[in-house]
Amino acid sequence: MYTLCVSVYMSTSEVGCKLDYSPVSWREYFDQMEDVSVGPADSRDVFRIYKAGNDGPLLVLLHGGGHSALSWAVFTTAIASRVTCRVLAMDLRGHANVIGACYGETPPPIVLIGHGVGGAIAVHTASNMLLPTTVGLVAIDVVEGSATEALHSIQNFLKGRPKSFKSMDHAIEWSVKSGQIRNLEAARVSMVGQIKRCEVEVASPVTDVVVESNEEFYDQKYVNDKENAASESVYMWRIDLSKSEKYWDGWFRGTSNLFLACNLPKLLLLAGIDRLDRDLTIGQMQGKFMMQVLPPCGHAVQENKPDKVRKLFTYLVHSHWWNVTK
């Protein structure tokens with residue numbers, strides 16, 4: 001029903017209908033949210049995860065740089081309506097044995113699905129056989145050649161976007177109007193994972209001091225009705241991607257050949273044919289993996305075109321993976 005409402009809004013926007021940029025709870029898309037501790041009991045390695053489904057293969061969803069597990073929300077609803085599966089979407093603010101913490105030493109058959117940097121992580125994980133029960137690999141808009149060529153422009157992109165927003169609604173509106181996330185429904189749920197509420201002490205005579213608030217992480221209670229008069233709430237990016245620049249090349253270097261060498265059913269989804277590099281072009285012509293180029297939809301493929309991604313994945317499951325995943 002919501003999708004229908006959005007399409008009506010979009011088609012009638014020129015006559016003055018106002019789009020709804022208010023945030024949507026994760027509960028509309030996932031069955032469960034959980035904080036998983038890994039390592040020793042006193043370890044601070046705690047990861048936010050979201051789950052859906054109880055049967056079938058496990059789809060491990062790895063988000064791209066600066067995004068969060070919530071970038072998979074609309075895709076989760078789309079795929080769960082057509083394929084019997086379980087979904088585990090996690091926030092990757094580091095690396096940890098989250099799978100082991102959730103499913104023990106014998107996890108169910110796993111399909112690794114990664115977007116952007118998450119796709120590179122999925123390729124490395126599959127290539128090194130870190131999860132022995134892995135039965136399939138999906139990489140979304142991650143290609144070594146085009147990714148490394150684009151690295152020089154990332155800092156310009158980061159510098160050009162707003163440093164803060166005055167409300168969650170304004171952040172969602174910016175993400176849609178700027179084209180970062182072109183699907184309004186996806187933006188309303190996933191932007192919650194990309195920004196955080198902070199308090200700026202406006203009375204400071206020297207400089208503003210930013211203090212993170214203690215709001216329920218990813219909840220809908222974004223505004224405190226009892227704000228201190230000496231401060232105001234702003235919303236800032238959770239992750240400062242610019243600080244990770246020295247690692248960018250290493251994230252993608254060698255991923256094309258690693259992807260080709262993985263002895264698994266593989267699917268590569270691209271937002272444009274210009275993403276392909278030489279190694280993958282040759283591999284695709286040799287039939288080493290399935291590939292689909294979607295109509296121009298921006299980098300956030302699974303958010304902007306969740307139904308198309310779901311259709312491709314469903315076809316792959318039933319035609320290639322059904323015997324090993326059911």
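Here the structure is a predicted model, which is why all the values come from computation and not from measurement. Residue numbers here run from 1 along each chain, matching the order of that chain's written sequence. Given that this is a predicted model, residues contribute local features only at a pLDDT of at least 70 and side-chain atom pairs are listed and counted only at 80 or more, while totals for whole chains, interfaces and linings are drawn from all residues. The side-chain figures draw on all heavy atoms in the structure; neither hydrogens nor water molecules are used.

1. Focus: helix α4 (residues 117–127)
Alright, step 1. Buried, partly exposed and exposed residues are distinguished by accessible area as a fraction of the type maximum, computed with a 1.4 Å probe on protein chains only: under 20%, between the cut-offs, and over 50%, respectively. A run of H or I in DSSP becomes a helix once it reaches four residues, and a run of E becomes a strand once it reaches two; helices and strands are each numbered from the N terminus. Among the 11 residues of α4, eight are classified as buried, and the element is accordingly described as predominantly covered.
Alright, step 2. Within α4, burial applies to Val-117, Gly-118, Gly-119, Ala-120, Ala-122, Val-123, Thr-125 and Ala-126.
Alright, step 3. By the convention used here, residues are in contact when the closest approach between their heavy atoms is within 4.5 Å. Contacts from the buried residues of α4 go to β3 (58–62), β5 (110–115), β6 (134–140), α8 (248–252) and α9 (255–261).
Alright, step 4. Of the residues one or two after α4, Met-129 is the one with positive phi, at around 50°.

2. Brief notes about the sheet that holds strand β2 (residues 46–52)
Alright, step 1. The pairing criterion is simple: DSSP has to find at least two bridges between the two strands. On the basis of which strands lie adjacent, the open sheet formed by eight strands has the order β1-β2-β4-β3-β5-β6-β11-β12 and mixed pairing. Each having just a single partner strand, β1 (32–37) and β12 (290–293) make up the two edges of the open sheet. Neighbour-to-neighbour, the strand axes of this sheet turn through a mean angle of 20°, independent of strand direction.
Alright, step 2. Bridge count between β5 and β6: six bridges; the pairing is parallel. Bridge pairing links Val-111 to Gly-136 in β6.
Alright, step 3. Along the sheet, helix α2 (residues 73–80) contacts β2, β3, β4 (86–90) and β5; its crossing angle with β3, the most-contacted strand, is approximately 160°. For helices, the axis comes from a line fit to the C-alpha atoms of the stretch in contact; other axes are also lines fit to C-alpha atoms, and the angle between any two N-to-C directions lies between 0 and 180 degrees.

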